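Chain by chain, the residues run as shown.
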Amino acid sequence: MTDTRRRVAVFSLGGTIAMTSQDAGGATPTLSAGDLVAAVPGLAETGVAIEVHDFRRLPGASLAFHDLLDLVEEIETLDVDGVVITQGTDTIEETSYLIDLVYSAEMPIVVTGAMRNASMAGADGPANVLAAVRVAASTEARGTGAVVVFGEEIHAARWVRKAHATSPTAFTSYPGPIGYVAEDRVRIWSQPTEEPKIPRQQLSNDARTAVALIGLGDDGVVLRAIGAQVDGLIVAAFGAGHVPMGCVDALTDLAKEMPVILATRTGAGPVLTDTYGFPGSEADLLSRGLLAANTLGPIKARILLQLLLMHGAERSEIAEHLSRIH
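Quick notes on the rules
Residue indices follow the written sequence of each chain, beginning from 1 at its first position. Only residues with pLDDT of at least 70 get local features here, since the model is predicted, and only at 80 or more are side-chain atom pairs given and counted; chain-wide, interface and lining totals rely on the full set of residues. Hydrogens are left out, water is left out, and the side-chain values use all remaining heavy atoms of the structure. Every axis corresponds to a line fitted to the C-alpha atoms, with the helix fit spanning only the stretch in contact, and the corresponding angles, defined between N-to-C directions, vary from 0 to 180 degrees. For the purposes of this entry, the term helix denotes a DSSP run of H or I that reaches at least four residues, the term strand denotes a run of E that reaches at least two, and both are numbered from the N terminus. Any angle from 65 to 115 degrees is called roughly perpendicular, while one under 35 is roughly parallel, one over 145 is roughly antiparallel, and all others are oblique. Note: crossing handedness is left-handed where the near helix turns anticlockwise from the far helix by less than a right angle, and right-handed where it turns clockwise. Throughout, a contact is declared for two residues whenever any of their heavy atoms are within 4.5 Å. When residues are sorted by character, Ala, Val, Leu, Ile, Met, Phe, Trp, Tyr, Cys and Pro go into the nonpolar class, Asp, Glu, Lys and Arg into the charged class, and all the rest, Gly among them, into the polar class. When accessible area is computed with a 1.4 Å probe and restricted to protein chains, residues below 20% of their type maximum are described as buried, those above 50% as exposed, and intermediate ones as partly exposed. When DSSP locates at least two bridges between a pair of strands, those strands are taken to pair. Place the viewer so that the strands point away; then a crossover is right-handed whenever the path from the first strand over the helix to the second strand goes clockwise. Note on definitions: salt bridges are taken to be side-chain nitrogens of Lys or Arg within 4 Å of carboxyl oxygens of Asp or Glu. Here the nonpolar core consists of buried residues drawn from Ala, Val, Leu, Ile, Met, Phe, Trp, Tyr and Cys, with membership extended through side-chain atoms lying within 4.5 Å. We call two N or O atoms a polar contact when they sit within 3.5 Å, provided that within protein one can donate a hydrogen and the other can accept it, with sequence-adjacent residues counted only if both atoms are side-chain atoms.

J.: Can you tell me about the packing of helix α2 (residues 65-75) against helix α3 (residues 92-102), naming the residues and giving the values?
T.: Two packed helices can be described by the angle between their axes and the distance between those axes. Contact geometry for α2 and α3: axes closest at 10 Å, N-to-C directions at 45°. With respect to α3, the element α2 is oriented oblique. The hand of the α2/α3 crossing is right-handed. Across from F65, L68, L69, L71 and V72 in α2, the residues of α3 making contact are T95, L98, I99 and V102. For the contact of α2 with α3, the class distribution of residues is 8 nonpolar, 1 polar and no charged.

Pasting the structure below:
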């Protein structure tokens, strides 16, 4: 008889969800993908066939671009209905967006993790894995791109952010989740507008980017120091895209040498284009060659810029890609 069950591949990258407390110190990654799946109550009752892959066993903070690109290459070889990736929560907002930018197929890719490790009371890993498997196996999630599932909420990779250091409800997004899981059903009602993909096969490893957070009284000295070490820069500016007047000359000079993307540090909302006109305003900076991130936050703007530079994109191509983000 042919097995007609939905099939989901679970990849473990490490992180808190795979950690246990050690006698000699704090929690470290010790659990395999098989261990994680075996600890999920009710998973067998879903009727989903699970295959497990131990891909990395690292803290989320130690994952790198090549880890995620290698992972996508592995995913592209599979014959399954969906993929779940478990990893450390520190970098989920970055890794999910990176995957979303380079993976173009319709198959759901769901990233999840845990805020409490398996040794703690109320560990949230099993519930998150169960919800993630339901989403990955669903037909509703096809075509949504990479998503993050946490606390039974479904967040688009472009919008999701970690908004709390310790809470089990650490993940949020603006304008909100695109769906949720309830009564074992996956319900999705919206998704971001389509964003151009960046071909994984055409990426190199010769770019360095950084985020420069603007603070009260900045005079541009630190901006120049950072700019001397990178190929592209994200400016996490005040409000709708504003910096102190002391930063204007430094940013003007840097924008002549490299792509400089203007983003808002607020966590939500767009960079404006022509509302304010004072020195250091968004209109002033854009007229000096900076590029508007639109609604893309600085952390995700860096992921995008890094991949585009690895792809060999020129300033015009970067500007065109940013213009597609709403």
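Additional details are given in the paragraphs that follow.
J.: Explain the pairing of strand β14 (residues 232-237) residue by residue, including any values.
T.: Counting buried residues in β14 gives 6 out of 6 residues, a clear majority hidden from the surface. Every second residue of β14 is oriented toward a common face, with G232, I234 and A236 on one face and L233, V235 and A237 on the other, all of them buried. Examined bridge by bridge, strand β13 (residues 209-213) and β14 share 5 bridges and lie parallel to one another. Paired with A212 across the bridge in β14 is V235. In this view, the connection linking β13 to its parallel neighbour β14 by way of helix α5 (residues 221-227) has right-handed handedness. Pairing of β14 with strand β15 (residues 260-264), which is carried by 5 bridges, proceeds in the parallel orientation. Directly across from A237, in β15, lies its bridge partner T264.

J.: Which residues make up unusual backbone geometry, and what are the values?
T.: That bond from Y174 to P175 is cis: its omega, 15°, falls within 30 degrees of zero. Its identity as a non-glycine residue notwithstanding, E152 has a phi of 65°, on the positive side. Inspection of the secondary structure puts E152 in the loop between β7 (146-150) and β8 (153-156). The class for E152 is partly exposed, based on a relative accessible area of 42%.

J.: Can you explain the environment of A141? Please cite residues and give values.
T.: Looking at the element boundaries, A141 is found in the loop between α4 (125-137) and β7. Residue A141 is classed as buried on the basis of its relative accessible area, which comes to 1%. Linking A141 and I188, residues 47 residues apart in sequence, is a C-alpha distance of 7.2 Å. Excluding its chain neighbours within four sequence positions, the residues that come into contact with A141 are P108, V135 and I188.

J.: Before we move on, could you go through the pairing of strand β6 (residues 109-112) and cite the residues and values that matter?
T.: Burial along β6 is two-sided: I109 and V111 and V110 and T112, pointing in opposite directions, are all buried. As judged from the 4 bridges shared by strand β5 (residues 82-86) and β6, these two strands associate in the parallel manner. By the bridge assignment for β6, T86 is matched with T112. Traced from β5 through α3 to β6, the parallel crossover comes out right-handed.

J.: Could you give me a rundown of α3, with the residues and numbers involved?
T.: Most of α3 sits out of view: 10 of its 11 residues are buried. Those residues of α3 lying buried are I92, E93, T95, S96, Y97, L98, I99, D100, L101 and V102.

J.: Any chance you could break down the pattern of salt bridges for me, citing the residues and the numbers?
T.: Summed over all chains, the structure comprises 13 salt bridges. When the shortest N-O distance is used, the salt bridge between R56 and D70 registers 3.5 Å. With R56 in strand β4 (residues 49-58) and D70 in helix α2, this pair connects stretches of sequence that are 14 residues apart. For R56, a relative accessible area of 23% translates into the label partly exposed. Residue K197 is joined to D100 by a salt bridge in which the shortest nitrogen-to-oxygen separation is 3.9 Å. Remark: D100 occurs in helix α3 and K197 occurs in the loop between β12 (185-188) and β13; sequence separation between them is 97 residues. You can call K197 partly exposed: its relative accessible area is 37%.

J.: Report on the nonpolar core, specifying residues and quantitative values.
T.: Counting 53 residues, the largest nonpolar core has I85 and L307 as its most contacted members. Of all the elements, helix α8 (residues 298-310) adds the most residues to this core, at 8 residues. Residues within four places of L307 in sequence aside, it is in contact with F65, L98, L101, V102, I198 and L203.

J.: Explain the environment of P196 to me, and be specific about the residues and the numbers.
T.: On the secondary structure map, P196 appears in the loop between β12 and β13. A residue is classified by how much of its surface remains accessible, and P196, at 25% relative accessible area, is partly exposed. Placed 129 residues apart in sequence, P196 and I325 show a C-alpha to C-alpha distance of 9.4 Å.

J.: Hey, could you go over the side chain of T89 for me, with residue numbers and the actual values?
T.: With respect to the helices and strands, T89 occurs in the loop between β5 and α3. Here the side chain of T89 touches K162 through a polar contact of 2.8 Å, side chain to side chain. If we skip the residues at most four places from it in the chain, T89 touches G113, A114, M115, F150, K162 and F171.

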